Amino acid sequence: MHSFADRLTRRILLLWILMMSAVAAVVFLKTESGMTGLSDAHYADVLDLTNEKVQGILRSVEVSAVNVREGVERDLSSPDAVYASLERELGLNAHLRGCAVAFVADYFPKEGHWFEPSVSRREDGNMVRRQLSVPEQNYHDSPLFNLTLTTGTDVWLDPHLDRDGAKVMLCSYSLPVHDPEGRIVAVLRVEASPGWLAGQMREIDRIVHERDRIPDDAEHQPYSFLLDQEGDFMAHPDADRMLEKSYFDVNGQAAPRDTSYVHIGHAMLAGGKGREKTVIDGIPSYVYYAPIDKTGWSVGIVVPLSAVLSPGLQQGLFILGMMLLGMLLIALASRLMIRRTVQPLQYLARSAKEVAKGDFNTPLPEIRHQDEIGMLRDSFADMQTSLADYVRELTATTAQKASMESELSIAREIQMSMLPTDFTLSPQRDDLEIYACLTPAKAVGGDLYDFLVRDGRLYFCIGDVSGKGVPSALVMSIISTQFRSLSSTEDKPEKIVSAINASSKDRNETMMFATLFVGILDLETGVLSYCNAGHNAPVLTGKEPGFLKVESNLPVGVETAWKYKGQQLTLTPGKTILLYTDGLTEAEDTNHDQFGERRILDVLGKEKTGAPETMVHALNDAVHGFVGAAEQSDDLTMLAIRYLGKK
């Protein structure tokens, strides 16, 4: 018999030799490409972080701008009120340098044809009011002003000098101002200093350097920069380059015709994202870049090539040395250790043969070590004593399963009993016909339908709770009960849906939701009021059956504050409306093809009687014929209502 210990030792040594050879080849031949890949992943994350931080800074300005606009819109009664509102909001937003409102022509007639009140914060903290507009600077002809008036678009502007002669560079964010009637009457512009933005980016660089353990006195350090739409530096570690020089004018000692450097600049201005290699200030570097949403600006990170390759070479040499040392140690110790380790397996193999013959009382060798071999020995010991317990447990499990099936059967009966089955409503009801069916995919399901007549109106609903089984059935019973309760007091379907939504969202720790369609049919006039909450559009019969136009809305249980919209139409006598759940359209055959909406219209187009029961049975037969031997994957519910009118 060949020794298992010898074979294992040879294989381990061979594996180590192969691993050492492969790693050595990777370290010395593929170091640059390998470490570039790691650097790509790392600095792509850093770029995303920087991009996210910059966008967060810009979002803070945008939020402040919205706050300023709300204040201005509250104080449009007079020019002084507008000035006061601008001063107040500017005082509450310390990171803003100024704000101005450019009104449409003659909005305040006493102020003249052009009126652009402005409030700015000086270096000493004092605020200055100014009326910026003069006939020589007709902002009414500005494309940006007119674009905002006609489309309501908010936009970031490239940095520019302010108008008071202080030669301070500012970034502006522009957005529309509405009067109480909702008309756009002015364009608000808030201004922040690019220096503030550059300071925030320098702080991001500092955090990245600390995290990557890059010394402050390192010769070449990664850094980030920001370009505006014209290619000018908005943020850069070299303050002399900010807003004074274009990206294309600055490359230090790099070759002036370096096409890769120019290509990167054009890619950034075009809103591209990527990583490219170039030479910046005479230093071979990688440039990672990505656009800033909504601004046309672009952020970049410059990573010196030495910062990428040097750690990789050091790590590669260290790994290679450790592998050589490890291989020597393994070659000396592995054989002895493996032989001693696997020796108990020989004794255990002999005992296992006896157990395999059926002698479960065969003594097993004593193994003192609590390792895999010890676990194997204990497993054999447990196997000898657990067969009888297994038989007893199997008997108990079978009985328990039978009990669970019985309880689920009772739950199904209870759930089905909650659904209305008297489709005649009452002997006096000759102005409508109604029929429904519900087939759960499991013992209990999450579909529901209900209807009742109150004060000459038919209240009806159909719904589909997310998921299947017992949890969905519990939510279904709650919604059905709420519909019954609300239908006794509410006359508008959107109010019923809103109340169910609010109740479903409250304490909804399992985040379950339900699609729902609620309708109220006035049996006197045929007016159908309805509200849809994310449910499938019903089918309305006529010469050609078609789908009812519905607002999609959100399902109930998703967002408490959602405003559900009601809709209305008038049914003529003889019209039938068919409601269904997605268990009909998404029923799949063995090829995973779905039944779909087109087949619903085809079946109903062939059904000329218009009787609800006939329609439901025809669709039920069609979907079962389509599915064939495939297992039902979802609850299937249909509700058909035929309006006959007064006779």
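Residues numbered from 1 in each chain as written. Predicted model: local features only at pLDDT ≥ 70, side-chain atom pairs only at ≥ 80, totals over all residues. Heavy atoms only, no water.

1. Overview of the overall build of the protein chain
- Within the protein chain, the secondary structure is distributed over 13 helices and 21 strands.
- Taken over 647 residues, the protein chain has a buried fraction of 44%.
- Within the protein chain, contacts between residues at least 6 apart in sequence are counted, and of these 63% link residues at least 24 apart.
- Of the roughly 34500 Å² that the protein chain leaves accessible, carbon and sulfur atoms contribute 55%. (Helix = DSSP H or I, 4+ residues; strand = E, 2+ residues; numbered from the N terminus. Buried < 20%, exposed > 50% of the residue type's maximum accessible area, 1.4 Å probe, protein only. Contact = heavy atoms within 4.5 Å. Areas by Shrake-Rupley, 256 points an atom, 1.4 Å probe, with all protein chains shown as cover.)

2. Remarks on the sheet that holds strand 7 (residues 223-227)
- Ordered in space as 8-7-11-10-9, the five strands form an open sheet in which the pairing is antiparallel. The strands lining the two open edges of the sheet, one partner per strand, are strand 8 (233-235) and strand 9 (274-280). On average, each strand axis in the sheet is tilted by 35° relative to the strand beside it, whichever way the strands run.
- For strand 10 (residues 283-291) and strand 11 (residues 298-304), the ladder comprises seven bridges, and the chain directions are antiparallel. Directly across from V287, in strand 11, lies its bridge partner V302. (Pairing = 2+ DSSP bridges. Axes fitted to C-alpha atoms, helices over the stretch in contact; angles between N-to-C directions.)

3. Structural notes on the pairing of strand 21 (residues 636-643)
- The buried fraction of strand 21 is high, at eight of eight residues.
- Residues of strand 21 alternate between two faces, with L636, M638, A640 and R642 on one and T637, L639, I641 and Y643 on the opposite face, all of them buried.
- Of the strand pairs in this sheet, strand 12 (residues 432-439) and strand 21 are connected by eight bridges, and their pairing is antiparallel. Across the sheet, A436 pairs through a bridge with L639, a residue of strand 21.
- Examined bridge by bridge, strand 20 (residues 576-580) and strand 21 share five bridges and lie antiparallel to one another. If you follow L578 over to strand 21, its bridge partner there is A640.

4. Concerning the sheet that holds strand 15 (residues 514-522)
- Spatially, five strands are ordered 13-14-15-16-19 in an open sheet, and the strand pairing comes out antiparallel. If you trace the sheet from one side to the other, it starts and ends with strand 13 (447-454) and strand 19 (566-570), each paired once. Direction aside, the axes of adjacent strands within the sheet are offset by 15° on average.
- Pairing geometry for strand 13 and strand 14 (residues 457-465), over eight bridges, is antiparallel.

5. Let's talk about the packing of aromatic side chains
- The full count for this structure, using the stated rule, is 16 aromatic pairs.
- Ring geometry for Y247 against Y261: centres 4.3 Å apart, planes inclined by 5°, an arrangement best described as stacked. Of the two residues, Y247 is situated in the loop between strand 8 and helix 6 (259-269) and Y261 in helix 6; the sequence distance between them amounts to 14 residues. The same class applies to Y247 as to Y261, namely buried.
- An aromatic cluster of at least three residues, connected via ring pairs, comprises Y83, F103, Y107, F108 and F115. (Phe/Tyr/Trp six-rings, centres within 6.5 Å; stacked < 30°, edge-to-face > 60°.)

6. Observations regarding helix 9 (residues 470-487)
- For helix 9, built from 18 residues, the straight-helix expectation of 26 Å at 1.5 Å per residue is met to within 8% by its first-to-last C-alpha distance of 26 Å.
- Where helix 9 is concerned, the buried positions are S472, A473, M476, S477, I479, S480, Q482, F483, L486 and S487. (Expected span 1.5 Å × (residues − 1).)

7. Concerning the nonpolar core
- Counting residues in each nonpolar core, the largest one holds 49 residues, and the members touching the most others are L86, L188, V190, L226 and W297.
- A per-element tally of this core places helix 2 (residues 31-74) first, with 10 residues.
- Core analysis: the second largest hydrophobic core is formed by 44 residues, I496, C531, V556 and I577 among them. (Core = buried A, V, L, I, M, F, W, Y, C linked by side-chain atoms within 4.5 Å.)

8. Remarks on unusual backbone geometry
- Phi is positive for N553, which is not a glycine, with a value near 50°.
- The residue N553 is located in the loop between strand 18 (546-547) and strand 19 in this model.
- Taking the relative accessible area as the measure of exposure, N553 reaches 11% and is therefore buried.

9. Quick look at the confidence of the model for the protein chain
- The predicted model of the protein chain has a mean per-residue pLDDT of 80, with 82% of residues at 70 or higher.
- Within the protein chain, no element has a lower average pLDDT than helix 8 (residues 372-417), which sits at 64, and none a higher one than strand 16 (residues 527-533), at 95. (pLDDT = per-residue confidence, 0-100.)

10. A look at the environment of E524
- With respect to the helices and strands, the residue E524 is situated in the loop between strand 15 and strand 16.
- It is 8.0 Å that separates the C-alpha atoms of E524 and R457, two residues lying 67 residues apart in sequence.
- Setting aside residues no more than four positions away along its own chain, E524 makes contact with G456, Y643 and K646.

11. Description of helix 6
- Taken together, the buried positions of helix 6 are occupied by Y261, I264, G265, A267 and M268. Buried residues of helix 6, viewed axially, fall in a sector of 165°; they line one side.
- Of the surrounding secondary structure, the elements contacted by the buried residues of helix 6 are strand 7, strand 9, strand 10 and strand 11.
- Looking one or two places after helix 6, you find G271, whose phi comes out positive at around 80°. (Arc of directions from axis to C-beta.)

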